[in-house]
Amino acid sequence: MNDSCYHIDDTREVFTPALIVFRELVEQNLETMIRIAGRPERLRPHCKTHKMAEVIELELARGIVKHKCATLAEAEMLARAGVREIFLAYNLVGPNIQRAVRLLQTYGGVRLAVTADHARPMAALGAAMHDCGLSIDVLLDIDTGMHRTGLTVGPAARTLYEQIAATPGLVLGGLHVYDGHNHQAAVAERRAAVHADWDRVVGFRDELVSAGLPVPRIVAGGTGTFPIYAAIDDPTLELSPGTCVFHDAGYAAAYPDLHFQIAVVLLTRVVSRPGPERLTVDLGYKACASDPPAGKRLVFPELPDAQQVLQNEEHLVLQTPLASQFQPGDELFAIPWHICPTTALHKQVCVVVGGRIVGRWDVAARDRQLTI
């Protein structure tokens, strides 16, 4: 970390643990994202990392008008911020089908797309839309190896795509290809894996088009594979990075070829000195993502060798020979290993520009429901 980028003039009124957004670094990351993509029109970034309308406004100002999300709350946040091309990359089931209807009824002019990989909820979605005189784009979710959702390319996938085309209320939206299993550290290996997946998807796309089934878009990739997909010349390809807007320690370690800046850190304070080589800070797992293994959830730039020996709801105990240099009340920065779920744990973030706290942004879509 370049210390000059992360200076805050006055933190006396900042309650800790606090999530700090360095807006200038976020803007740098957005510019880098556009530069990699080649032009903003190719982008459909995922808002799950930040969940903030103010970040969407920064993207809209740069010509990024298509956006991706994972929850209806995020979709509503996007609509409120003025986004009209919203892709909810999630299979809708149960009451979420009617919520999608209400979203379209409430926010006129929004074009909403979702994913599907099964005939039953897809048919229910079509009936709900048709009954209200509405339509919704549906992208067939393709499984290229993650085995979380989706269908592998082949006869079953084609049959479902044909059923989407034949279902009133549904519009063929194309294909969704998320490859979260491609996390090879070596760029050459990651590129080979992406191109192998892409070749299969393109072959399937061409088969559909030859059969008279339009495939208007292929939404592909995540942050780790974003630059590889960006180098592919295909007019239907939409790029959907997410984490790189804020970046985090996990992505920085896994993908050193990604040239994004850590734009968000946690500010924490020492609350106890329980031993000669121990510090306890106010940074429990209610303030940082707990999906990384215990002891590896944070990086402390000022204490690179500190061991995270115990974490509870409101406390984190660090073992370090530098403990004697700190007293209760002293401050430390911590970089989250996984920023996306960390953001969701905070109601607001402090925003810093030029070393000054210039305001606070609400993490608007951290909840599962706004009004819809």
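Parameters and conventions
Residues numbered from 1 in each chain as written. Predicted model: local features only at pLDDT ≥ 70, side-chain atom pairs only at ≥ 80, totals over all residues. Heavy atoms only, no water. Axes fitted to C-alpha atoms, helices over the stretch in contact; angles between N-to-C directions. Helix = DSSP H or I, 4+ residues; strand = E, 2+ residues; numbered from the N terminus. Parallel < 35°, antiparallel > 145°, perpendicular 65-115°, else oblique. Contact = heavy atoms within 4.5 Å. Nonpolar A, V, L, I, M, F, W, Y, C, P; charged D, E, K, R; others polar. Core = buried A, V, L, I, M, F, W, Y, C linked by side-chain atoms within 4.5 Å. Buried < 20%, exposed > 50% of the residue type's maximum accessible area, 1.4 Å probe, protein only. Expected span 1.5 Å × (residues − 1).

Details of the packing of helix α3 (residues 72-80) against helix α4 (residues 96-106)
Packing of α3 against α4 brings their axes to within 11 Å, and their N-to-C directions diverge by 5°. As summarised for this structure, α3 and α4 are arranged roughly parallel, according to the angle between their axes. Residues L72, A73, A75 and E76 of α3 touch α4, and the partners they reach there are N96, R99, A100 and L103. Looking at side-chain class alone, the contact of α3 with α4 contains five nonpolar, one polar and two charged residues.

Describing the nonpolar core
Counting 117 residues, the largest nonpolar core has I20 and L175 as the members making the most contacts within it. When sequence neighbours within four positions are dropped, the list of residues in contact with L175 reads L139, L140, I142, Y161, V201, F204, R205, L208, V215, R217, I218 and V219. F87, A113, L139 and V219 belong to the second-largest nonpolar core, a separate cluster that totals five residues.

Re helix α1 (residues 23-37)
The first and last C-alpha atoms of α1 sit 21 Å apart over 15 residues, in line with the 21 Å expected at 1.5 Å per residue. Of the residues making up α1, those classed as buried are L25, V26, E27, N29, L30, T32, M33, I34 and A37. On its buried face, α1 is in contact with β1 (18-22), α2 (53-61), α8 (226-230) and β8 (237-239). G38 lies just past α1 and shows a positive phi near 100°.

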